[in-house]
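A structural walkthrough
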Amino acid sequence: MKSRKLTLMAVFAHPDDEAFGVGGTLARYGAEGCDVTLVTASRGEAGQIAEPDLATPANLPYVREQELRCACQTYGIHPPRFLDYVDGQLTVVHQGQAVGKLVRIIRELKPQVLLTFGPDGIYGHYDHIAVHRWTTIAFDLAADPECFPGQLGTVCQPHQVSKLYYHVLSEQALAVMSQGDRPPSVLMDGVPFPFVAWRSEEITTVIDVSDYAEARLRGIQCHATQVGRQSRFAAAPEEMLGDPWLQRETFVLARSTVGWPDGVETDLFAGLR
Ligand SMILES: [Zn+2]
């Protein structure tokens, strides 16, 4: 059909968002020889520092950038790109500028597949939801020559991405995460925001990443300022390799110019190979 290299572009908000969500998928397509680029909106400097000797508040943006570089190397993908926004501020930055930055990168990399958060932002983090909206809008505008005409030149032609995927948690994944009666959640401003699970009939795409569980785990370990060196990710990695949540990653196909699957897809590039 076409001979251009398969290219995947993933867009997330913070260093480590990719590790807990789609690290296996990034590693799998990297290993298959696809061009895989991760774009991250911020350097995650609003996060906690798990162990005080790993970073200071002043150098945290630099340290977390290095951690993400380590993770991308582990997945076998290109070095990360940054949109250079401040962690926690994504809803109040200039939204048009943010979309424009993504449109420019899409026009440069020309991915067939674009990947980001779903509308729930996994657990409702405002930064995640902002990135979801920017990426969804950028999918449409990158193909429109009347949008951001200042970007158009010999290097920046309009580009129609073929498929847009949202990474979502499945009910099964959430069940594995659940301990006790309380639904798993993330504390934001002292309030537990529960993870959002999608029903199996809503999930269009399941990627088998069982061969990449180790790469994903090592990617998580790269984010040491977040997970620490004593956490279960670092302390007993061999025991974790069989964990169900490391075997499969789940997605919803949100836009497609190459048709829609009849059943559950097992390849983000289905219809494009
Ligand atoms: Zn995040």
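Quick look at the structure, then.

Reading guide: rules and limits
Residues numbered from 1 in each chain as written. Predicted model: local features only at pLDDT ≥ 70, side-chain atom pairs only at ≥ 80, totals over all residues. Heavy atoms only, no water. Helix = DSSP H or I, 4+ residues; strand = E, 2+ residues; numbered from the N terminus. Buried < 20%, exposed > 50% of the residue type's maximum accessible area, 1.4 Å probe, protein only. Contact = heavy atoms within 4.5 Å. Areas by Shrake-Rupley, 256 points an atom, 1.4 Å probe, with all protein chains shown as cover. Salt bridge = Lys/Arg side-chain N within 4 Å of Asp/Glu carboxyl O. Pairing = 2+ DSSP bridges. Axes fitted to C-alpha atoms, helices over the stretch in contact; angles between N-to-C directions. Phe/Tyr/Trp six-rings, centres within 6.5 Å; stacked < 30°, edge-to-face > 60°. Donors = N, O, S within 2.8 Å, 3.2 Å for Na, K, Ca; no water. Tetrahedral: all angles 85-135°; square planar, octahedral: opposite > 155°, others 65-115°. Lys, Arg positive; Asp, Glu negative; His and termini not counted. Polar contact = N/O pair within 3.5 Å; in protein donor to acceptor, adjacent residues only side chain to side chain. Parallel < 35°, antiparallel > 145°, perpendicular 65-115°, else oblique. Left-handed = near helix turned anticlockwise from the far one by under 90°. Nonpolar A, V, L, I, M, F, W, Y, C, P; charged D, E, K, R; others polar.

Brief notes about the overall build of the protein
Within the protein one finds 11 helices and 11 strands. Each principal axis of the C-alpha distribution contributes one length, and for the protein these read about 50 × 45 × 35 Å. When each of the 273 residues of the protein is scored for burial, the buried share is 52%. Summarising the internal contacts of the protein: among those between residues at least 6 apart in sequence, 80% fall at separations of at least 24. As presented, the protein carries roughly 12500 Å² of accessible surface, and 53% of it is formed by carbon and sulfur atoms.

Side note on the pattern of salt bridges
One pass over the structure, following the stated rule, counts 16 salt bridges. Across the pair Arg28 and Glu32 runs a salt bridge whose closest N-O atoms are separated by 3.1 Å. Note on Arg28: relative accessible area 15%, which makes it buried. Given the relative accessible area of 38%, Glu32 is considered partly exposed. Put simply, Glu65 and Arg43 hold a salt bridge, and the shortest N to O gap is 2.7 Å. One end of the pair, Glu65, is in helix α3 (residues 60–75); the other, Arg43, is in the loop between β2 (35–42) and α3, with 22 residues separating them in the sequence.

Side note on the sheet that holds strand β5 (residues 163–167)
Think of a sheet as strands paired side by side through backbone hydrogen bonds, with each pair either parallel or antiparallel. Overall, mixed pairing links the seven strands, which are arranged β3-β2-β1-β4-β5-β11-β10 in an open sheet. Of all strands in the sheet, those with a lone pairing partner are β3 (81–85) and β10 (205–208), marking the two edges. Geometrically, the sheet is characterised by an average inter-axis angle of 25 degrees between neighbouring strands, direction not taken into account. Looking at chain direction, strand β4 (residues 113–117) and β5 are connected through five bridges and run parallel. Across the sheet, the residue bridging to Leu114 is Leu164, located in β5.

Things to note about the packing of aromatic side chains
Under the counting rule described, the total for this entry stands at seven aromatic pairs. Ring centres of Phe12 and Phe117 lie 4.8 Å apart, and the angle between their planes is 85 degrees; this geometry places the pair in the edge-to-face category. Separated by 105 residues along the polypeptide, Phe12 in strand β1 (residues 7–12) and Phe117 in strand β4 bring together distant segments of the chain. Both residues of the pair, Phe12 and Phe117, count as buried. Seen in terms of ring centroids, Tyr123 and Phe195 are 5.5 Å apart; in terms of plane orientation they differ by 70 degrees. Their pairing is edge-to-face. Residue Tyr123 is located in helix α5 (residues 121–124), and its partner Phe195 is located in the loop between β8 (191–194) and β9 (197–198); the two are separated by 72 residues in the primary sequence. The two residues Tyr123 and Phe195 agree in class, both being buried.

Comments concerning the coordination of the zinc ion
Within the protein, His14 (ND1), Asp17 (OD), Asp17 (OD) and His128 (NE2) serve as the donor atoms for the zinc ion, at 2.0 to 2.8 Å. Each of the four donor atoms bound to the zinc ion contributes to angles spanning 52 to 122 degrees, and the resulting shape is irregular.

Thoughts on the side chain of Asp17
Secondary-structure assignment places Asp17 in helix α1 (residues 17–21). Buried charge without a partner: Asp17 forms no salt bridge, and the closest opposite charge is Arg64, 6.8 Å away. At 2.6 Å, the side chain of Asp17 and the backbone nitrogen of His14 are in polar contact. Once you skip the residues sitting within four places of it in the chain, Asp17 turns out to touch Phe12, Phe117 and His128.

So, the packing of helix α4 (residues 95–109) against helix α6 (residues 126–141)
Packed helix pairs are characterised by how far apart their axes lie and by the angle those axes make with each other. With their axes 9 Å apart at the nearest point, α4 and α6 run at an angle of 55 degrees to one another. Here α4 is positioned oblique relative to α6, judged by the angle of their axes. Seen from above, α4 lies across α6 with right-handed handedness. Counted together, Gln95, Ala98, Val99, Leu102, Val103, Ile106 and Arg107 of α4 and Arg133, Trp134, Thr135, Ile137, Ala138, Phe139 and Leu141 of α6 form the full contact between these two elements. Split into classes, the residues belonging to the contact of α4 with α6 amount to 10 nonpolar, two polar and two charged.

Some words on the environment of Glu201
Along the polypeptide, Glu201 turns up in the loop between β9 and β10. In this structure the C-alpha to C-alpha distance between Glu201 and Val264, which are 63 residues apart in sequence, comes to 8.9 Å. One polar contact links Glu201 to Arg199, side chain to side chain, over a distance of 3.0 Å.

Description of the pairing of β4
With five of five residues buried, β4 is to be regarded as a mostly interior element. Pairing between β1 and β4: three bridges, direction parallel. If you follow Met9 over to β4, its bridge partner there is Leu114.

Keep in mind these values describe shape, not function.
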